[in-house]
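# Structure assessment
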Amino acid sequence: MRRGLGPWVAVTLLAATALGGCHLGHGPAAVDAARLTDADKDPGNWMSHGRSYSEQRFSPLDKVNADNVKDLGLAWSFQLSTNRGVEATPIVVDGTMYVTSSWSVVYALNAKTGELLWKYDPKVPREVGHNACCDVVNRGVAVWKGRVYVATLDGRLVALDAKTGNPAWSVVTVDQSKPYTITMAPRIIKGRVMVGNSGSEYGVRGYVSAYDADSGKLIWRFFTVPGDPSKPFENKQMEAAAKTWSGEWWKFGGGGSPWDSMAYDPESNLLIFGTGNGLPWDEKARSPKGGDNLFLSSIIAVNADTGEYAWHYQTTPGDSWDFDSTQTLTLADLTIDGKPRKVVMQASKNGFFYVLDRVTGKLISARNYVPVTWAKGVDMATGKPIEVGDDHYKAGPEVQFPSSFGGHNWHPMSFSPKTGLVYLPAQEVPGAYGTDDKFAFNPGQWNTATNTDLNTLPPDPKARAAMKNAFKGYLIAWDPVAQKEVWRAAHKGPWNGGTLATAGGLVFQGTADGHFNAYDAANGKPLWSTDTYAATLAGPMTYTVDGEQYVAVGAGFGSIFYLVAGFAVDQKGSPENGRIVVYKLGGKAVLPKPDLTKIEMPKPPAAAAPQAIAAQGHSTFNKYCLVCHGYNAISGGVIPDLRYSPLIGDAAGFKDVVLGGARKSNGMVSFAGSLKEADVEAIRAYVITEANAGYAQEHASAGAR
Ligand code: CA
C-alpha cells in the first residue's frame, strides 16, 4: 500500500521521520507565528519560555509516564562554565537546544547528544553584577525565524543567527547610566520581541518594550509607573496613575520593573505581564501620603500590537514588603460556577492565589496558598487585600509571612488541563520589616528604606538552627476552581525548583538540596528521584528527538537565597557546578560528581577594633554588603565567604577591594561613593568577629564529636 503512494510521498515521509515532524530545509529555529500559536500540535518541540503562549508548562508528551518513569536515566549532561545561578528554561526546536547560563551566555546544543554547536558570550561587564539584586542569572532565550534572542544582564537585546551564534543585531534597551538589569526570557509575538527589565531596589523606572525581530527597531514602550509629573505624561494611564502617588517618587525612579513573567492571549491579542515592587520598598519613604501607587505589584494587559493599556489588577496596593507580582502568569480555560471562563492565574509573592478574567482583568477569586499574616483575605467587592493594620510597620518592627522571598517566587509553576491542577513551588520564609528613619536615596545601592539591622541572626547557634528549621518549602497541587490545596510534597527547606506537568500523568520538580523528582500528578506520590549534585531551581521542560522523549532541567547552585541566607544552606556550590541535565527512558550516562569538599575555616585574626566599632560595622555591613555576602557574613557559597578571606587580616588590602575596586573584574565594585575609610575598617572589624564566632563554633562542634 505504501508503495502505491509513489516516491515523492516516500521521500517526504523519510524526511519527516528524520526531523521529528517537519520544516525540512527551513534551517534551525524555524519558528513562526503559526507554529507558536499552534504549539499544542507540535508537542515534540518546546518553542517558547512556557512552551506555549498560555505559559502552562504542560506537555502533551506521554511516552514517559507514571508506569515507566522509574526507568528514567541520564541521557546526557552539559557543563556550563559557571558557579552562579542557573535559572533558564531550555528551548528546543527540531533537535537543537538553546539555553542560557549566568552572565547571559547562550549555548546551542544537539538536543539528542548534548554536543556543543556554538556558544555566544555577550561579555557583560562584571561590575554590572552589582546592580543585580538576585545573582547574575538569566532565564532563557526566545527563537524566531532562524534567530535566537537573548536579553543581557546589562540591558541589551541581541539577535543571534541560530546556525552560527553570530549576532545579527544588538540594541540597548535601557539607560545604561542607571542601575537597570535584565534577567528575563524575551517572548516573541507576531515578529515583535517583548522584553522588560529589573532594578527596583537600585533606582529605575520599569517598562516593557517591543522590538521588531528583523531589525531591532523599537515599536512601542509601556511604562509601569509615572515619571516626573511636571513633564508631559506618556499616556492617559500614566496621568491617572500619578494621582495615586505623592511626594517625589520619580527622583528614585519609582520601580515597578516587569522582570519575569509574560503570557499572550492570541484571541484578545493581549500581552499580560507582572510588575515588581516600589522603590524604595517602604511606601512611607516613597509616597508619604500613601496611595495605591499604580502600577506597582500589578498584573497588566496591553495590546500586543500597540502597547496600548487594556486593564490592570493590583495585587498589593501601596506595597511596602517587596511583593513583586512578577510570578508565573498562566492562562487557562476553566469552568467556574458552571460557566466557561478564560482566566489568567498567579500564585503571587504576597501569598494569594489569584484567578482573573484574562479579557477584562476582573477578579474571579483569590485565596491564600501559604500562611499569610499581613492580610486577612481579599475583598471581592474592591478586589483589594484586607490588610491587618494599615501602618506598614510604622508603629514598630513586624515579623511577617510571606516575606520578600515570597510564598512563591520566580520558579515557574505549571498547570495540567488533564488534572485541572496547578503545580506550585511554595515556601514559608518569615521576614522582619521596620522603618528606616534615616533613609536617604543612594542610586545604584540597595534602597529599601527598611531597617536592615533587623536582618541579623540570633547569636545562639541553637536559636539559629531553630530559625533555619522554621523555613519550609513544598510542592503544592492547587485546584484553581475550588481555590484549595489537593496534595503537597514536603521538601527539606525553601527555594525549590519550577515545575513541569505532562500528559504522562507526571509532575517534575528540582529541589534546593540537589535532586530532580517526578510525582504522580493526581495524588503527589513520589515516583522517581535522581541526584543532580546542585540546587535545581529552573523550570524543567520536555521534548522529543527521533521519536524519543527527553526531560531536561538546568541545575546550578546560585540565586538570591544562597547569596543572602547562607546560614540556612546545607549543600553549597563548587567552582563549576552549573549544568544542563537531560534524562530519557533507559538513559545510562553518568553525571560526574563535583568536588563538594568542605573547606576548613582558617584561624581568624584577633579582634581589630573595640566591640562598639564592630557593632557599627555590622550595621553598615547590613546596609551595603548583606545582599551579596549574606546574613552575619555567612555566605551560601555563591561568592566568597568573607570570614575565610585572608584580606580580613590585611587592613590595606581590604580597603583596596572595598574602596579601591581591586576586585571590580569579579563584580566587586568600589563603594567609595558610599563608604568612608572608617566605615570600611568597622566592617572589617565586624567580619573578624563573625569569623571568630564561626571558627569557635566549628571547633566546639568538632570537639563534641
Ligand atoms: Ca523585588
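Residues numbered from 1 in each chain as written. Predicted model: local features only at pLDDT ≥ 70, side-chain atom pairs only at ≥ 80, totals over all residues. Heavy atoms only, no water.

## A short note on the overall build of the chain
Check the secondary structure of the chain and you find 10 helices and 37 strands. What you see for the chain is a C-alpha radius of gyration of 25 Å, in line with the 27 Å of a compact globule of 705 residues. Taking the principal axes of the C-alpha coordinates as reference, the chain spans close to 95 × 60 × 50 Å. Out of the 705 residues belonging to the chain, those deemed buried represent 60%. Restricting the contact set of the chain to residue pairs at least 6 apart, pairs at least 24 apart contribute 63%. On the chain, roughly 26,500 Å² of surface is accessible, and the fraction owed to carbon and sulfur atoms is 54%. (Helix = DSSP H or I, 4+ residues; strand = E, 2+ residues; numbered from the N terminus. Rg over C-alpha atoms; globule rule 2.2 N^0.38 Å. Buried < 20%, exposed > 50% of the residue type's maximum accessible area, 1.4 Å probe, protein only. Contact = heavy atoms within 4.5 Å. Areas by Shrake-Rupley, 256 points an atom, 1.4 Å probe, with all protein chains shown as cover.)

## What to know about the coordination of the calcium ion
Here the calcium ion is held by the protein donor atoms Glu201 (OE), Asn277 (OD1), Asp322 (OD), Asp324 (OD) and Asp324 (OD), which lie 2.3 to 3.0 Å from it. For the calcium ion, the single-chain donor residues occur in sequence as E-x75-N-x44-D-x1-D. With Asn277 in the loop between strand S16 (270-274) and helix H4 (283-286) and Asp324 in the loop between strand S18 (309-314) and strand S19 (330-336), the pair connects residues that are 47 residues apart, well separated along the chain. Accessibility classification places Asn277 together with Asp324 in one group, the buried group. (Donors = N, O, S within 2.8 Å, 3.2 Å for Na, K, Ca; no water.)

## Topic: the side chain of Ser209
With respect to the helices and strands, the residue Ser209 is situated in strand S13 (residues 207-212). Engagement of the side chain of Ser209 in a polar contact is seen with the side chain of Arg221, the distance being 3.0 Å. Beyond its immediate stretch of four places on either side in the chain, Ser209 contacts Val193, Met194, Val195, Leu218, Trp220 and Arg221. (Polar contact = N/O pair within 3.5 Å; in protein donor to acceptor, adjacent residues only side chain to side chain.)

## Section: the state of the cysteines
For the coordinates displayed, the defined rule picks out one disulfide. Left unpaired, Cys625 is separated from the closest cysteine sulfur, that of Cys628, by 9.0 Å. Taking relative accessible area as the criterion, Cys625 reaches 14% and is therefore assigned buried. (Disulfide = S-S within 2.5 Å.)

## Structural notes on the sheet that holds strand S11 (residues 187-189)
Reading across the sheet, the four strands line up as S11-S12-S13-S14 and stay open at both edges, with antiparallel pairing between neighbours. Edge positions in the sheet fall to S11 and strand S14 (218-223), since each of these pairs with one other strand and no more. Ignoring strand direction, the axes of neighbouring strands in this sheet form an average angle of 20°. Two strands pair when backbone bridges link them, and strand S12 (residues 192-195) and S13 are joined in this way by four bridges, in the antiparallel orientation. Following the sheet pairing, Arg192 is matched in S13 by Asp212. (Pairing = 2+ DSSP bridges. Axes fitted to C-alpha atoms, helices over the stretch in contact; angles between N-to-C directions.)

## Quick look at the domain arrangement of the chain
Segmenting the chain into domains produces domain 1 (11-364 + 373-585) and domain 2 (611-704). Domain 1 and domain 2 are separated by 32 Å when their C-alpha centres are compared. Listed by partner, the interface residues are 30 residues for domain 1 and 27 residues for domain 2. Summing both sides of the interface, domain 1 and domain 2 together bury roughly 2,500 Å²; the carbon and sulfur share of this comes to 56%. Run the count over domain 1 and domain 2 and you get zero salt bridges. The tally of links between domain 1 and domain 2 comes to nine residue pairs in polar contact (both at pLDDT 80 or more). Elements with a minimum of two residues in the side of domain 1 that touches domain 2: helix H5 (461-470) and helix H6 (560-564). For the side of domain 1 that touches domain 2, the leading source of residues is H6, giving four residues. Of the residues assigned to the side of domain 1 that touches domain 2, the class counts are 13 nonpolar, nine polar and eight charged. (Domains from an automatic or database assignment. Buried area = accessible area lost by both parts, 1.4 Å probe. Salt bridge = Lys/Arg side-chain N within 4 Å of Asp/Glu carboxyl O. Nonpolar A, V, L, I, M, F, W, Y, C, P; charged D, E, K, R; others polar.)

## Some points on unusual backbone geometry
A cis amide bond links Leu294 with the next residue in sequence, Phe295, at an omega value of -5°. Residue position: Phe295 is located in the loop between H4 and strand S17 (298-303). Of note, the bond from Phe401 into Pro402 is cis; its omega dihedral lies within 30 degrees of zero at -15°. Its identity as a non-glycine residue notwithstanding, Asn293 has a phi of 55°, on the positive side.

## Some thoughts on the pattern of salt bridges
One pass over the structure, following the stated rule, counts 31 salt bridges. Across the pair Arg84 and Asp135 runs a salt bridge whose closest N-O atoms are separated by 2.8 Å. Taken together, the residues Arg84 in the loop between strand S2 (72-79) and strand S3 (91-93) and Asp135 in the loop between strand S6 (116-120) and strand S7 (142-144) connect sequence positions 51 residues apart. Here Arg84 falls in the buried class, since its relative accessible area comes to 13%. When its relative accessible area of 3% is taken as the criterion, Asp135 is described as buried. Where Lys190 meets Asp305, a salt bridge forms, and the shortest distance between an N and an O atom there is 3.0 Å. With Lys190 in the loop between S11 and S12 and Asp305 in the loop between S17 and S18, this pair connects stretches of sequence that are 115 residues apart. With a relative accessible area of 40%, Lys190 lands in the partly exposed category.

## Considering helix H9 (residues 651-658)
What H9 keeps buried is the set Gly653, Phe654, Val657 and Val658. All buried residues of H9 fall inside an arc of 125° around its axis, so they share one side. (Arc of directions from axis to C-beta.)

## Focus on the pairing of strand S4 (residues 96-100)
Counting buried residues along S4, five of its five residues qualify, which places the element largely inside the surrounding structure. Judged by which residues are buried, S4 turns out to be covered on both faces: Thr96, Tyr98 and Thr100 on one side and Met97 and Val99 on the other are all buried. As paired strands, S3 and S4 are joined by three bridges and run antiparallel to one another. Bridged to Val93 within S4 is Thr96. Hairpin remark: S3 followed by S4, antiparallel, with two residues in the connecting loop; positive phi at Asp94, about 50°. In this structure, S4 lies alongside strand S5 (residues 106-110), joined through five bridges in antiparallel fashion. Along S5, the bridge assignment pairs Tyr98 with Ala108. Hairpin geometry of S4 and S5 is characterised by an intervening segment of five residues between the two adjacent antiparallel strands and by a positive phi of about 60° at Trp103.

## Points about the confidence of the model for the chain
Parts of the prediction with low pLDDT should not have their coordinates interpreted in detail. For the chain, per-residue confidence averages 93 on the pLDDT scale, and 95% of positions sit at 70 or higher. In this model residues 1-25 is a low-confidence stretch, pLDDT under 50, and it forms 10 contacts with partners more than four residues away in sequence or in other chains. (pLDDT = per-residue confidence, 0-100.)

## Regarding the environment of Glu239
Examined against the element boundaries, Glu239 turns out to sit in helix H3 (residues 236-242). In this structure, the C-alpha to C-alpha distance between Glu239 and Gly227, residues 12 residues apart in sequence, is 9.2 Å.

## Section: the packing of aromatic side chains
This model, assessed by the stated rule, comprises 41 aromatic pairs. Aromatic side chains Phe252 and Phe441 sit 4.9 Å apart centroid to centroid with 50° between the ring planes, which places their arrangement in the tilted category. You can see Phe252 sitting in the loop between H3 and strand S15 (262-265) and its partner Phe441 sitting in the loop between strand S28 (431-433) and H5, a full 189 residues away along the chain. The partly exposed category is assigned to Phe441, whose relative accessible area is 25%. Feature note: the residues Phe405, Phe471, Trp495, Phe557, Phe561, Tyr562, Phe567 and Tyr631 constitute an aromatic cluster, connected by ring pairs. Positioned above the aromatic ring of Trp103, the side-chain terminus of Arg126 is 4.1 Å from the ring centre. It is Arg488 that lies over the ring of Tyr474; its NZ or CZ is 3.8 Å from the centre. (Phe/Tyr/Trp six-rings, centres within 6.5 Å; stacked < 30°, edge-to-face > 60°. Lys NZ or Arg CZ within 6 Å of the ring centre and 35° of its normal.)

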